[in-house]
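Residue strings, one per chain:
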Amino acid sequence: MDELYSMAKRRRKLSPELEKNISLAKKQIELITAIIHDIDEDDIQEEYKSAFLPVMSTYLSLDQMYKEVGFNDDTTKLHELYLTNLTKFKNEYEL
């Protein structure tokens, strides 16, 4: 057990810009989710929820990875994927 505590913990590399982008992404996710939940017709609401799932999933992965690992190539790529998925969703679905 002492070995666990004696091992030096690697510090996460942080990026104020990526943190700002993740915060913005969180607000976008919350807004779009609220808009989707306001759709009256159940069939259409379910279609939007399904289509929005890749955006939501990518955001959650990005947020978790950044908290655990910090700034690196993978978190940068995940942010780019989030933006791509968001753009695709917005182009295919009218909010």
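What counts and how
Residues numbered from 1 in each chain as written. Predicted model: local features only at pLDDT ≥ 70, side-chain atom pairs only at ≥ 80, totals over all residues. Heavy atoms only, no water. Helix = DSSP H or I, 4+ residues; strand = E, 2+ residues; numbered from the N terminus. Buried < 20%, exposed > 50% of the residue type's maximum accessible area, 1.4 Å probe, protein only. Patch = residues over 30% accessible without salt bridge, like charges linked within 9 Å, V, L, I, M, F, W, Y side chains within 5 Å. Areas by Shrake-Rupley, 256 points an atom, 1.4 Å probe, with all protein chains shown as cover. Salt bridge = Lys/Arg side-chain N within 4 Å of Asp/Glu carboxyl O. Core = buried A, V, L, I, M, F, W, Y, C linked by side-chain atoms within 4.5 Å. Contact = heavy atoms within 4.5 Å. Axes fitted to C-alpha atoms, helices over the stretch in contact; angles between N-to-C directions. Parallel < 35°, antiparallel > 145°, perpendicular 65-115°, else oblique. Left-handed = near helix turned anticlockwise from the far one by under 90°. Nonpolar A, V, L, I, M, F, W, Y, C, P; charged D, E, K, R; others polar.

## Quick look at the environment of T76
Then comes step 1: Locating T76 in the fold gives a position in helix α4 (residues 73-92).
Then comes step 2: Here T76 falls in the partly exposed class, since its relative accessible area comes to 26%.
Then comes step 3: For the pair T76 and L62, spaced 14 residues apart in the sequence, the C-alpha separation amounts to 8.7 Å.

## Let's talk about a nonpolar patch on the surface
Then comes step 1: A cluster of nonpolar side chains, namely L31, I35 and L95, defines an oily patch on the protein surface of about 260 Å² accessible area.
Then comes step 2: Residue position: I35 is located in helix α2 (residues 16-37).

## What to know about the nonpolar core
Then comes step 1: F52, V55, Y82 and F89 are the most contacted members of the largest nonpolar core, which has 18 residues in total.
Then comes step 2: Secondary-structure elements contributing two or more residues to this core are α2, α3 (42-68) and α4.
Then comes step 3: In contact with V55, other than residues within four places in its own chain, are I29, Y82, N85, L86 and F89.

## Section: the pattern of salt bridges
Then comes step 1: Tallied over the entire structure, the rule returns two salt bridges.
Then comes step 2: For K49, the salt bridge goes to E46, with nearest N and O atoms at 3.6 Å. Here E46 and K49 lie together in helix α3, a separation of three residues that amounts to about one turn.
Then comes step 3: Residue class for K49 comes out partly exposed when judged on its relative accessible area of 31%.
Then comes step 4: Using a relative accessible area of 44% as the deciding quantity, one classes E46 as partly exposed.

## Focus on the packing of α2 against α3
Then comes step 1: One way to put it is that α2 packs onto α3 with a least axis distance of 10 Å and a crossing angle of 160°. Judged by the inter-axis angle, α2 sits roughly antiparallel to α3. Seen along the crossing, α2 lies across α3 with a hand that is left-handed. For the pair α2 and α3, the contacting residues are L18, E19, I22, A25, K26, I29, I32, T33, I36 and H37 in the first and Q45, Y48, K49, F52, V55, M56, Y59, L62, D63 and Y66 in the second.
Then comes step 2: Looking at the contact of α2 with α3 residue by residue, the classes come out as 13 nonpolar, three polar and four charged.

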